[in-house]
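# Descriptive analysis of the structure
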Amino acid sequence: GAGVSQTPSNKVTEKGKYVELRCDPISGHTALYWYRQSLGQGPEFLIYFQGTGAADDSGLPNDRFFAVRPEGSVSTLKIQRTERGDSAVYLCASSLSPGGNTEAFFGQGTRLTVV
Amino acid sequence: AQRVTQPEKLLSVFKGAPVELKCNYSYSGSPELFWYVQYSRQRLQLLLRHISRESIKGFTADLNKGETSFHLKKPFAQEEDSAMYYCALKDVSSASKIIFGSGTRLSIRP
């Protein structure tokens, strides 16, 4: 595709359930980022992949959150035992390389609502 | 610690008036600074980066290392400039995460 694609665009789940959010980066982009954006806030960093490995996962709030990128392309953000506080828009971005001067392209986000 | 501060949540100006969106940062390394914009119902997108020294849609931003600021300016606001604007930084010398500010909503009144 032409841009970063995230599925689903909306997800409503019950408290305590498990969810998976998917990100398809731009083809050839080695760097992939996950962010969480709560209402009225800027994107908050969660995790960054360079290729298949998580280069920086310092933003994951706790061990209920986990992300994978097994083949260095598609990434899945997994949230276990969801809580109402997890409700937010989850953004994915990719860039051609991890260097400082490369533009990150964002997906449209997945709006997660935990009820 | 790395931090980006945007002190204004909302900025409202009349069409044709000058615009300045404030951004201050805290970072000990060599930061690359960006402005991202999100128009209504669209995805977040890059507006400009300091290293390119470019003007995009009439907007410019100058990195002031002494004041650790990267304010976004436009001399004459247009209605289509209404959007959310996020200042962001990244370490230019290493692969790293992008840190965003909390954003400023710019509203242009006709």
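Below or above, wherever it landed, is the structure these notes cover. Keep in mind that what you see is a predicted model, and the values were worked out from it rather than measured.

We now examine the state of the cysteines. Here a disulfide denotes one covalent bond, and it connects the sulfur atoms of two cysteines. Taken as a whole and assessed by the stated rule, the structure comprises two disulfides over all chains. With a sulfur-sulfur separation of 1.9 Å, A:C23 is cross-linked through a disulfide to A:C92. Disulfide A:C23-A:C92: the torsion about the S-S bond is -65°, which places it as left-handed. One end of the pair, A:C23, is in strand 3 (residues 19-24); the other, A:C92, is in strand 9 (residues 88-95), with 69 residues separating them in the sequence. Considered together, A:C23 and A:C92 belong to a single accessibility category, that of buried residues. Covalent S-S linkage joins B:C23 and B:C87, the inter-sulfur distance amounting to 2.0 Å.

Right, let's get into the pattern of salt bridges. Residue and element names in this part refer to chain A. Throughout the structure, instances matching the rule amount to nine salt bridges over all chains. For R36, the salt bridge is made with E44, and the minimal N-O distance between the two is 3.5 Å. With relative accessibility at 11%, the residue R36 sits in the buried group. The partly exposed category is assigned to E44, whose relative accessible area is 37%.

Right, let's get into the sheet that holds strand 3 (residues 19-21) of chain B. Residue and element names in this part refer to chain B. Here we have three strands laid out as an open sheet, ordered 3-8-7, and antiparallel in their pairing. Two strands close off the open sheet at either side, each with one partner strand: strand 3 and strand 7 (60-61). Pairing of strand 3 with strand 8 (residues 72-74), which is carried by three bridges, proceeds in the antiparallel orientation. From the neighbouring strand, E20 faces strand 8, where its bridge partner is K73.

Remark: the centre distance and the inter-plane angle together describe each pair of aromatic rings, the angle taken between the planes. Across all of its chains, the model carries 10 aromatic pairs over all chains by this definition. Between A:Y35 and A:F45, the aromatic rings sit 5.9 Å apart at their centres with planes inclined by 75°, giving edge-to-face as the arrangement. One end of the pair, A:Y35, is in strand 4 (residues 31-37); the other, A:F45, is in strand 5 (residues 44-50), with 10 residues separating them in the sequence. By relative accessible area, A:Y35 is classed as buried at 0%. Summarising the aromatic geometry, the rings of A:F106 and B:Y36 are spaced 5.7 Å apart at their centres and angled 85° between planes, so their arrangement reads as edge-to-face.

Conventions adopted
- Residues numbered from 1 in each chain as written.
- Chains lettered and ligands numbered in written order.
- Predicted model: local features only at pLDDT ≥ 70, side-chain atom pairs only at ≥ 80, totals over all residues.
- Heavy atoms only, no water.
- Disulfide = S-S within 2.5 Å.
- Helix = DSSP H or I, 4+ residues; strand = E, 2+ residues; numbered from the N terminus.
- Buried < 20%, exposed > 50% of the residue type's maximum accessible area, 1.4 Å probe, protein only.
- Salt bridge = Lys/Arg side-chain N within 4 Å of Asp/Glu carboxyl O.
- Pairing = 2+ DSSP bridges.
- Phe/Tyr/Trp six-rings, centres within 6.5 Å; stacked < 30°, edge-to-face > 60°.

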